[in-house]
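The primary structure of each chain is shown beneath.
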Amino acid sequence: MKESNRELPVLYLVIPCYNEEEIIVESAATIKEKINRLISSGAIAKNSKILFVNDGSKDKTFELLSDLAKKDPINIVVSLVGNSGHQNALWAGIMTASKADIIITIDADLQQDIEALDEFINCYKNGSEVVYGIRNNRDSDSPFKKFTALAYYKFMHLMGSKIMENHADYRLISRKVIDALMQYNESNLFLRGLIPSLGFPSDIVHFETKERTGGTTKYTLSKMFRLATDGITSFTIRPLRIISVLGFITMFFSMIFSILCFIEWAQGKNVKGYTTTILILLFLDGIILLSLGVIGEYLGKIYLETKNRPKYIIDSVIYKETDNED
Ligand code: UDP
Ligand code: MG
């Protein structure tokens, strides 16, 4: 295991990029300026790097990033074959940054305040192995995103997950955490749940979020939905237990109901109630289909896990060689 230098760590800033041609050059310049300031203030080692993961972009992102990497040794580009998704792109970056003492992951659009990096690094120097970035405001989100985020956190807590509220994937992890993550091989990847579950000493840093300066969100509704279900299925089987409980409850009520019907019948009354019959049928069918859906979701996840496919495939790695590289 590589011994990390806590006083002068080598930082790799890992940035997943998917179709970010509108903003990537500007973001790269801002990031480079910040990293250089951190290096000259003695916060991080001078061989710290910016590692862009091109997640199968279909626009000019890859060409723009390659230019940056060929010109300046501070930039490295890891380009994936096809779009593997944000979480897998982050994973690819984390697994490739083998020279890093610490990794900080941040989005390419820099909606997350990059000035918070100093605080992240200070927390690490004070002994934290994980530092979570927590957003102070949700002003830049649409009302729909605000509502779904809130509902999601409530639901996740109900399901027994320990995820941090208002924490996306802006976080620092140390070499110890990276080495621990390397032992995990799950395809159903949800870093926001996985990292807290490791149990390393952690701290939090608050930061302000900004509007996207260019381009649009790369999180489509279906990607958001997939992330949400992955978050649940990768950590808890509580939904399956809820199905069993629902089964017991409906069985209990249907038994009482049948006894009542039987008594009425025995008394020679006509058992009536077309509407109630239809309602009960529809209600139960709803529960059955929902339960099948939940079971199917887990079954699908088992199917994908057993295949044990790689989470990403690297197409190329681009960087500029320097003489004094260690
Ligand atoms: N991203 C990615 N692969 C994807 C979707 C998104 O690498 O399939 C990257 C994207 O380029 C950005 C980050 O993930 O750097 C977060 O995406 P975005 O800013 O669009 O999400 P939002 O901030 O709207 O939730
Ligand atoms: Mg964003």
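Below, the structure is looked at part by part. Predicted, not measured: the structure shown is a model, and the values here were computed from it.

1. Focus: the packing of helix α3 (residues 86-96) against helix α7 (residues 191-198)
1) Next: One can describe the packing of α3 onto α7 by two numbers: an axis separation of 11 Å at closest approach and a directional angle of 50°. The orientation of α3 with respect to α7, classified from their angle, is oblique. Of the residues in α7, those in contact with His86, Gln87, Leu90, Trp91 and Ile94 of α3 are Leu191, Arg192 and Leu194.
2) Next: Classifying every residue of the contact of α3 with α7 gives five nonpolar, two polar and one charged.

2. Re the nonpolar core
1) Next: Counting 37 residues, the largest nonpolar core has Leu13, Ile15, Ile35 and Ile104 as its most contacted members.
2) Next: For this core, the elements supplying multiple residues, two or more each, are β1 (11-17), α1 (24-40), β2 (49-54), α2 (61-71), β4 (102-105), α4 (117-125) and β7 (202-207).
3) Next: Residue contacts for Leu13: discarding those within four places in its chain leaves Ile31, Ile35, Lys49, Ile50, Leu51, Ile104, Ile106, Ile114 and Leu117.
4) Next: Val78, Ala89, Trp91 and Ile103 belong to the second-largest nonpolar core, a separate cluster that totals 29 residues.

3. Quick word on the pattern of salt bridges
1) Next: All told, the structure shown has 16 salt bridges when counted by the stated rule.
2) Next: The residue Asp109 makes a salt bridge to Arg212 at a minimum N-O spacing of 3.3 Å. Placement of the pair is Asp109 in the loop between β4 and α4 and Arg212 in the loop between β7 and α8 (221-233), with a sequence separation of 103 residues. In this structure, Asp109 and Arg212 share a single accessibility class: buried.
3) Next: Taking the shortest distance from any N to any O, the salt bridge between Lys176 and Glu129 comes out at 3.5 Å. On the criterion of sequence distance, the pair formed by Lys176 in helix α6 (residues 175-182) and Glu129 in the loop between α4 and β5 (130-135) is long-range, its members being 47 residues apart.
4) Next: Overall, the relative accessible area of 46% leaves Lys176 in the partly exposed class.
5) Next: Of the residues examined, Glu129 reaches a relative accessible area of 5% and is grouped as buried.

4. Remarks on the site of ligand 1
1) Next: What surrounds ligand 1 is a group of 18 residues, the closest being Glu20, Asp55, Asp109, Thr217 and Lys218.
2) Next: One of the backbone nitrogen or oxygen atoms of Lys218 is found 2.4 Å away from an oxygen atom of ligand 1.
3) Next: In isolation ligand 1 has 530 Å² of accessible area, and contact with the protein removes 91% of it.
4) Next: For the shell around ligand 1, the class distribution of residues is five nonpolar, five polar and eight charged.

What counts, and where the lines are drawn
- Residues numbered from 1 in each chain as written.
- Chains lettered and ligands numbered in written order.
- Predicted model: local features only at pLDDT ≥ 70, side-chain atom pairs only at ≥ 80, totals over all residues.
- Heavy atoms only, no water.
- Axes fitted to C-alpha atoms, helices over the stretch in contact; angles between N-to-C directions.
- Helix = DSSP H or I, 4+ residues; strand = E, 2+ residues; numbered from the N terminus.
- Parallel < 35°, antiparallel > 145°, perpendicular 65-115°, else oblique.
- Contact = heavy atoms within 4.5 Å.
- Nonpolar A, V, L, I, M, F, W, Y, C, P; charged D, E, K, R; others polar.
- Core = buried A, V, L, I, M, F, W, Y, C linked by side-chain atoms within 4.5 Å.
- Buried < 20%, exposed > 50% of the residue type's maximum accessible area, 1.4 Å probe, protein only.
- Salt bridge = Lys/Arg side-chain N within 4 Å of Asp/Glu carboxyl O.
- Near = heavy atom within 4 Å.
- Polar contact = N/O pair within 3.5 Å; in protein donor to acceptor, adjacent residues only side chain to side chain.
- Areas by Shrake-Rupley, 256 points an atom, 1.4 Å probe, with all protein chains shown as cover.

By themselves, these figures tell us nothing about what the structure is for.
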